[in-house]
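# Structural features, examined
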Amino acid sequence: MAAPKKRKIASECRRFQTRWENEYFFKEVNGKCVCLICKEDVAVMKEYNVHRHYETKHQSYTSYTGAERTQKVKQMAASLQAQQQLFFRTNKIQENATTASYEVAKLIAQHGKPFSDGDFIKQCLIKVTEIMCPEKVQDFKNVSLSRNTVVRRIEDLSANLKLQLKDKACAFDFYSIACDESTDATDIAQLLIFLRGVDDNFSCTEALLDMMSLKAVSEAVEKMGLKWEKLCGVTTDGAPAMTGERKGMASMVCAKVKESGGEAVRMHCIIHQEALCAKTVQLGDVMNTVVKTVNIIRARGLYHREFQAFLSDVDAEYGDVLYHSDVRWLSRGSVLQRFYSLRSEIDQFLKEKGRPLHELSDPLWLSDLAFLVDLTHHLNTLNKNLQGKEQLVPHLYAHMKAFCVKLRLFETQLRSFNAAHFPALSEIKSAIPKADLSAKKEKYVSVITSLLTEFNQRFQDFSVIEKEIKLFSTPFLVDAEEVEESLQLELIEMQCDDSLKSQHQLLSLPDFYQSLDNAKFPLMRRHAKRMMSLFGSTYICEQTFSLLNHNKSRLRTRMTDSHLCEVLRVSTTKLTPDMSAILQSKGQHHCSH
């Protein structure tokens, strides 16, 4: 015998009847049948249950009849609604206070402020409110901004951002990672791993993947749910621990990609390579003399103050000389430019102090100084062009190739001592016409030649993928016979379409490839996504190291690695934390006590 079917309340379509309000003092509230007298609700919305509740508990209310009964029902309904609104208003105040707490915590993280600053910010807000709008003081007092609360808020924000990134990562067609390692204020090695992924709509996402040890890169990739076969590039700062052929991090990652059926390229940060090339420019003892002179002026407090006062008195272009820092990319050029601009004032000041610098009276040394100033200026301009987030590899490589062409032009012009693109050198030539500087031209040509040779020897990782870069950036100028056979037919179709040619000229590269018909050009779109996802430099890592050192300074050495990583994630992301999702995940919103 078949078992009897169980009754399902949902299938019986039991609904609240309006007449129950007057007959039984009941009202429907959020899908429940609530008694207006005792505020209890019945388990099942049917008339028998409602009638039984009224008869057993509120028999005395039968005395109300007619208009009096109707009026009593309205009063009770209004009272119930007022109670509900009060509860809702209280809950809304708590929710707003919690949201404000999260927003302040986000600002604290983004600006690298100590967690304990939350209390100070709250005190300031309360003082301002007491003066401007005293009736709102309690609202601001409800906002919890204690040190522990700020820490928890930043943890929640970071977790939400990480969850959003994980959701986006599932849609990536290709992605790359950029890794760089440095030490914090406590000499602990910190490896920053940044992720750049491209989805089918050519939307590019660039964010901090994790901060961990060098050996845990694979763990970071797998925790994010990224597929190894979609990894197409690993960009590092070129350190041996990163690039070692057998045990280097990049080599091991690329081997893992190959095992999964993918192919990844190893790239050395283009900015680091440019900086290494620039270091080969040595011109006698010019730099040593400049650094020594700057140190003489700035090392002694009295000398330094007198020099600054002297520059102010003579209305000099600058108010001081600059210290040289070998690890800063632009430092040498800036130091030389400032020294050259203040050379007359420095000469006069040192003579007054009885410590003359004889090189400042030597035309040949001044010529070397001017040449070095101009050359480092060109190198610094290139370095600045290579900096910046979300730069595509073709743009970076174009800057590098253009600089090599400029060097060939400089080499040719300097053979005839044409200093058209060396303004400081031209100034010295004009200022000291009697000095025979022509003997210097061979020396300068030699410097340019060696620099050009260094540039040609480096950037091999970019040269290896040069054809792929050209196909991505200038598909209408590439010979179809020189590209992969799988791409040849699609490339020919593209090159013969005049409308696509005009779109390529008008649109950015991502927008152009996004506009291509996926059914007609699937492989060209796939190639474009691979090239878009590549990191050409580790600039984003270098920039984040500045934030790292600002957050974990010598005054905040007790900050844990996990909290540091969370602060960096909040301060570097372009994603917006989903406040509604964060608040929803919290059972209750607690105000400050």
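Residues numbered from 1 in each chain as written. Predicted model: local features only at pLDDT ≥ 70, side-chain atom pairs only at ≥ 80, totals over all residues. Heavy atoms only, no water.

Our focus in this paragraph is the UniProt feature "domain: SPIN-DOC-like zinc-finger" (unreviewed entry) in the protein chain. According to UniProt, the "domain: SPIN-DOC-like zinc-finger" (unreviewed entry) feature falls on residues 17-74. For residues 17-74, the helix share is 43%, the strand share is 14%, and the end-to-end C-alpha distance is 16 Å. (UniProt positions renumbered as here; feature names shortened; annotations may be inferred. Helix = DSSP H or I, 4+ residues; strand = E, 2+ residues; numbered from the N terminus.)

Attention now goes to the pattern of salt bridges. Applying the stated criterion across every chain yields a total of 23 salt bridges. The partner of glutamate 23 in a salt bridge is arginine 19, with the nearest N and O atoms 3.2 Å apart. Overall, glutamate 23 belongs to the partly exposed group, its relative accessible area being 32%. Look at arginine 19 and you get partly exposed, because its relative accessible area is 39%. Among the ionic pairs, arginine 298 bridges to aspartate 320, the shortest N-O distance being 3.9 Å. One end of the pair, arginine 298, is in helix 11 (residues 286-299); the other, aspartate 320, is in the loop between helix 12 (301-313) and helix 13 (331-341), with 22 residues separating them in the sequence. Overlapping salt bridges, with partners in common, bring together Asp173, Asp200, Arg525 and Lys529 in one network. (Salt bridge = Lys/Arg side-chain N within 4 Å of Asp/Glu carboxyl O. Buried < 20%, exposed > 50% of the residue type's maximum accessible area, 1.4 Å probe, protein only.)

It is at 10 Å that the axes of helix 10 (residues 270-279) and helix 15 (residues 363-386) come closest, and there the two elements cross at 170°. In terms of axis orientation, helix 10 runs roughly antiparallel to helix 15. Residues Ile270, Ile271, Glu274 and Ala278 of helix 10 form the contact with helix 15, whose own contacting residues are Leu379, Leu382, Asn383 and Leu386. (Axes fitted to C-alpha atoms, helices over the stretch in contact; angles between N-to-C directions. Parallel < 35°, antiparallel > 145°, perpendicular 65-115°, else oblique. Contact = heavy atoms within 4.5 Å.)

Counting across every chain of the model gives 17 aromatic pairs. Seen from their ring centres, tyrosine 24 and tyrosine 54 are 6.0 Å apart, and the 65° between their planes marks the pair as edge-to-face. In this pair, tyrosine 24 is assigned in helix 1 (residues 20-24) and tyrosine 54 in helix 2 (residues 47-57), connecting sequence segments 30 residues apart. Like tyrosine 54, tyrosine 24 is buried. Ring geometry for phenylalanine 371 versus tyrosine 444: centroids 4.2 Å apart, planes at 10°, classification stacked. Remark: tyrosine 444 occurs in helix 18 (residues 441-457) and phenylalanine 371 occurs in helix 15; sequence separation between them is 73 residues. The residues phenylalanine 371 and tyrosine 444 share a single accessibility class, namely buried. Grouped by ring-pair contacts, the aromatic residues Tyr24, Phe25, Tyr54, Tyr61 and Tyr64 constitute a single cluster. Sitting over the face of the ring of tyrosine 102, arginine 153 holds its NZ or CZ atom 4.6 Å from the ring centroid. (Phe/Tyr/Trp six-rings, centres within 6.5 Å; stacked < 30°, edge-to-face > 60°. Lys NZ or Arg CZ within 6 Å of the ring centre and 35° of its normal.)

Before going further, it helps to spend a moment on the packing of helix 11 against helix 13. Where helix 11 contacts helix 13, the axes come no closer than 11 Å and their chain directions differ by 70°. By the angle class used here, helix 11 and helix 13 are roughly perpendicular. Residues Met287, Val290, Thr293 and Val294 of helix 11 lie in contact with helix 13, whose contacting residues are Arg332, Val335, Leu336 and Phe339. A per-class count over the contact of helix 11 with helix 13 returns 6 nonpolar, 1 polar and 1 charged. (Nonpolar A, V, L, I, M, F, W, Y, C, P; charged D, E, K, R; others polar.)

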